[in-house]
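Take a look at the letters that make up each chain.
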Amino acid sequence: MAVYMSASHSENAFNTHDFVPEWAHEEVSTGTTILAVEFDGGVVIGADSRTTTGSYIANRVTDKLTPIHDHIFCCRSGSAADTQAVADAVTYQLGFHSIELDEPPLVQTAANLFKQMCYRYREELMAGIIVAGWDKRRGGQVYTVPMGGMIVRQPVSVGGSGSSYIYGFMDSNYKPGMTKEECLHFCTQALALAMERDGSSGGVARLAAITEEGLERLVVLGNQLPKFSNA
Amino acid sequence: MALSNVLEIPTSGFNFENVARNVALEGLLEGGHTKTPKPMKTGTTIAGLVCKEGVVLGADTRATSGEVVADKMCAKIHYISPNIYCCGAGTAADTEKTTDLLSSNLTIFSMDSGRNPRVVMAVNILQDMLFRYRGQIGASLILGGVDCNGNHLYTVGPYGSIDNVPYLAMGSGDLAALGILEDRFKPNMEMEEAKELVRDAIHSGIMSDLGSGNNIDICVITKQGVDYIRPYQESEYKDKRQKRYKYGPGTTSILTEKIIPLELEVVQETVQRMDTA
């Protein structure tokens with residue numbers, strides 16, 4: 001599914017010599033773990049907090065859960081610059097659309113806006129995005145828009161470089177009909193497992209629960225994450 | 001965009017006119033066995049942190065061109081607006097021009113709207129421009145400023161990604177500087193302590209990185225105003241000139257002297273009164 005390629009595909013304009021550090025020619029990427037889960041009444045989304053430039057951690061407290069609208073969020077993975085730019089563009093388009101409609105936008109609309117941009121510019125962009133939120137028509141929804149610009153709705157979705165390590169956990173531990181607390185617990189455990197195994201994921205675990213009432217954000221610090229081994 | 005701009009921003013696609021020219025030039029020069037000049041880079045240590053009363057930015061002053069120090073007293077902390085300053089690492093020309101362009105655009109904005117620009121505005125304009133150029137503009141910037149919403153510190157990468165954090169270091173000496181910052185940073189520090197911490201961070205970059213050196217500049221931005229201390233600390237390794245290199249009159253003997261007076265006639269004289277009331 002969402003496979004993250006570590007080599008930077010952008011050309012660099014400078015000849016690399018001793019004085020040029022990695023960050024000057026490596027693109028900043030959110031090599032990452034992101035996930036989202038639907039439950040009856042809303043969604044729970046989660047992400048790690050590491051942004052890397054090559055092997056240097058440019059930001060260890062990144063917030064990859066970006067609000068697109070009051071009840072719609074997106075989880076960003078891939079190139080930091082690309083995802084920030086796409087998220088900004090979609091935020092504008094969705095805000096405009098919502099004003100025209102004079103009602104809150106649908107999650108499906110937000111996801112399709114992402115898909116249109118990611119598909120049209122698929123050769124130039126490196127962005128894997130999970131769109132999740134709540135709307136009045138269909139309740140909590142999770143749509144995944146991986147690299148290439150596909151869109152599919154899933155009850156639970158993981159993405160980023162760390163996702164490879166938690167497909168098994170996701171498949172065996174996700175049960176339909178979980179409550180919000182169970183979803184939060186599931187997400188925390190999944191993030192902890194991925195952050196433990198994936199070098200490009202780490203820092204703190206950021207979670208958010210989106211329901212009709214609004215938004216609830218949580219941060220689980222590194223030393224408070226569940227431990228799965230005594231190593 | 002409801003913003004008047006100094007230069008017209010192209011509406012579609014990317015403008016890479018000069019890339020083809022550069023490639024052709026390189027081909028010509030290599031054929032003639034001449035080296036293309038290496039761009040002057042600020043192999044650098046820059047740092048910033050948010051403290052209780054404002055933002056403190058720091059930078060070293062060495063600019064390198066290959067392995068030679070091109071400028072020993074380079075100014076890496078650029079003025080953006082009365083309440084926003086920007087440290088630049090990467091290609092010297094790119095950081096200089098990008099910050100100049102940003103400063104011009106924000107000045108126009110200030111005149112139009114009658115208010116000081118906010119730091120987020122500067123950050124968004126930079127991000128927009130750098131993303132459009134897809135990393136071809138080698139500028140890694142630390143923007144710090146104080147506005148009506150508080151004290152802010154942002155970093156903008158060459159590809160157009162931004163991060164908003166309480167303390168930062170960039171440049172080739174960033175790892176050394178970040179070690180000092182990670183160890184001693186506390187939220188809401190006092191001003192003097194903050195200045196010392198930034199000085200120590202830059203100093204560590206200078207000691208541990210070949211691309212950084214010479215003096216340390218500090219810029220303190222608060223609600224009351226800006227204190228741009230250049231240099232905050234001079235390098236203890238400044239060399240003293242061995243001799244005076246001035247040549248007094250009489251060093252070169254004059255063999256012949258010929259004076260040709262130029263005869264100018266006044267053709268027309270106009271007087272324009274200025275209204276100085």
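As the structure is a prediction and not an experimental result, all values here were calculated from the model. (Residues numbered from 1 in each chain as written. Chains lettered and ligands numbered in written order. Predicted model: local features only at pLDDT ≥ 70, side-chain atom pairs only at ≥ 80, totals over all residues. Heavy atoms only, no water.)

A few points about the pattern of salt bridges
Residues and elements named next belong to chain B. All chains considered together, the criterion is met by 14 salt bridges over all chains. The partner of K186 in a salt bridge is E193, and the shortest N-O contact between them spans 3.2 Å. Residue D200 is joined to R199 by a salt bridge in which the shortest nitrogen-to-oxygen separation is 2.6 Å. You can call D200 buried: its relative accessible area is 17%. Classification of R199 by relative accessible area gives buried; the value is 14%. Connected through shared salt-bridge partners, R184, E196, R199 and D200 make up one network. (Salt bridge = Lys/Arg side-chain N within 4 Å of Asp/Glu carboxyl O. Buried < 20%, exposed > 50% of the residue type's maximum accessible area, 1.4 Å probe, protein only.)

Concerning the sheet that holds strand β12 (residues 216-222) of chain B
Residue and element names in this part refer to chain B. Across the sheet, which stays open at both edges, the five strands sit in the order β11-β2-β3-β12-β13 with antiparallel pairing between neighbours. Every other strand in the sheet has two partners, leaving β11 (167-170) and β13 (226-233) as the edge strands with one partner each. Taken pair by pair, the neighbouring strands of this sheet meet at an average axis angle of 10°, ignoring direction. Bridge count between strand β2 (residues 46-50) and strand β3 (residues 54-60): five bridges; the pairing is antiparallel. Across the sheet, residue G48 finds its bridge partner in β3, namely L57. (Pairing = 2+ DSSP bridges. Helix = DSSP H or I, 4+ residues; strand = E, 2+ residues; numbered from the N terminus. Axes fitted to C-alpha atoms, helices over the stretch in contact; angles between N-to-C directions.)

Some thoughts on the UniProt feature "domain: Proteasome beta subunit C-terminal" (unreviewed entry) in chain B
Here the UniProt-annotated "domain: Proteasome beta subunit C-terminal" (unreviewed entry) positions come out as residues 240-271 of chain B. The span residues 240-271 of chain B carries 0% helix and 0% strand; its end-to-end C-alpha distance comes to 53 Å. (UniProt positions renumbered as here; feature names shortened; annotations may be inferred.)

Notes on the pairing of strand β5 (residues 56-59) of chain A
One face of the sheet, then the other: side chains in a regular strand alternate in exactly this way. Residues and elements named next belong to chain A. Where strand β4 (residues 51-53) meets β5, three bridges bridge the pair, whose relative direction is antiparallel. In the sheet register, T52 faces β5, and the bridge partner there is I57. Hairpin geometry of β4 and β5 is characterised by an intervening segment of two residues between the two adjacent antiparallel strands and by a positive phi of about 70° at G54.

A few points about the nonpolar core
Of all hydrophobic cores here, the largest spans 25 residues; its most connected members are L35, V37, V44, I166, F186 and C187 of chain A. Sorting the residues of this core by element identifies β2 (34-39), β11 (156-159), α4 (167-173), α5 (180-197) and β12 (205-211) of chain A as the ones contributing at least two each. At nine residues, the largest contribution of residues to this core is made by α5 of chain A. Listed in part, the 22 residues of the second largest apolar core include A47, L49, I216 and I218 of chain B. (Core = buried A, V, L, I, M, F, W, Y, C linked by side-chain atoms within 4.5 Å.)

Quick word on the UniProt feature "active site" (unreviewed entry) in chain B
All names here are of chain B. Residues given the UniProt feature "active site" (unreviewed entry) here are T44. Here T44 shows up in the loop between β1 (41-42) and β2. According to the relative accessible area criterion, T44 is buried, its value standing at 0%. Apart from the residues within four sequence positions on either side, T44 is in contact with D60, R62, K76, A89, M170, G171, S172, G173, D209, G211 and S212. (Contact = heavy atoms within 4.5 Å.)

Notes on the UniProt feature "active site" (unreviewed entry) in chain A
All names here are of chain A. According to UniProt, the "active site" (unreviewed entry) feature falls on T32. Relative to the helices and strands, T32 resides in the loop between β1 (28-30) and β2. What makes T32 buried here is its relative accessible area of 0%. Look past the residues within four positions of T32 in its chain and what remains in contact with it is D48, K64, R76, S77, G159, G160, S161, G162, S163, D198, S200 and S201.

So, the packing of aromatic side chains
Inspection of every chain in the model, using the stated rule, returns six aromatic pairs over all chains. Taken together, a centroid distance of 6.2 Å and an interplanar angle of 45° make the contact between Y92 of chain A and F96 of chain A tilted. Within this pair, Y92 of chain A and its partner F96 of chain A are both found in helix α2 (residues 80-101), separated by four residues, close to a single helical turn. Given the relative accessible area of 58%, Y92 of chain A is considered exposed. When the ring of Y79 of chain B is compared with that of Y85 of chain B, the centres are 5.6 Å apart and the planes differ by 80°; the resulting orientation is edge-to-face. Classification of Y85 of chain B as buried rests on a relative accessible area of 10%. Aromatic ring contacts, followed pair by pair, group F169, Y174 and F186 of chain A into a single cluster. (Phe/Tyr/Trp six-rings, centres within 6.5 Å; stacked < 30°, edge-to-face > 60°.)

Looking at the sheet that holds strand β13 (residues 215-220) of chain A
Residues and elements named next belong to chain A. Spatially, β11-β2-β3-β12-β13 is the arrangement adopted by the five strands of the open sheet, whose pairing is antiparallel. The open sheet terminates on both sides in strands that have one partner only, identified here as β11 and β13. Shown here is a sheet whose adjacent strand axes are inclined to one another by a mean of 10°, direction ignored. Of the strand pairs in this sheet, β2 and β11 are connected by four bridges, and their pairing is antiparallel. Residue pairing across strands places V37 opposite V156, the latter belonging to β11.

Some thoughts on the side chain of H78 of chain B
All names here are of chain B. Topologically, H78 is positioned in strand β6 (residues 77-81). Among the residues examined, H78 registers a relative accessible area of 8% and is labelled buried. In contact with H78, other than residues within four places in its own chain, are Y85, C86, G88, T95, E96 and T99.

Details of helix α3 (residues 107-120) of chain A
Residues and elements named next belong to chain A. Between its first and last C-alpha atoms α3 spans 20 Å; for 14 residues at 1.5 Å apiece the expected length is 20 Å, and the two agree. Among the residues of α3, V107, A110, A111, L113, F114, M117 and C118 are the ones counted as buried. Angular distribution of buried residues about the axis of α3 spans 155°; they occupy a single face of the element. In α3, the exposed residues that point more than 90 degrees away from the buried face are Q116 and R120. Packing partners of the buried residues in α3 comprise β6 (65-69), β7 (72-79), α2, β8 (127-135) and β9 (139-145). (Expected span 1.5 Å × (residues − 1). Arc of directions from axis to C-beta.)

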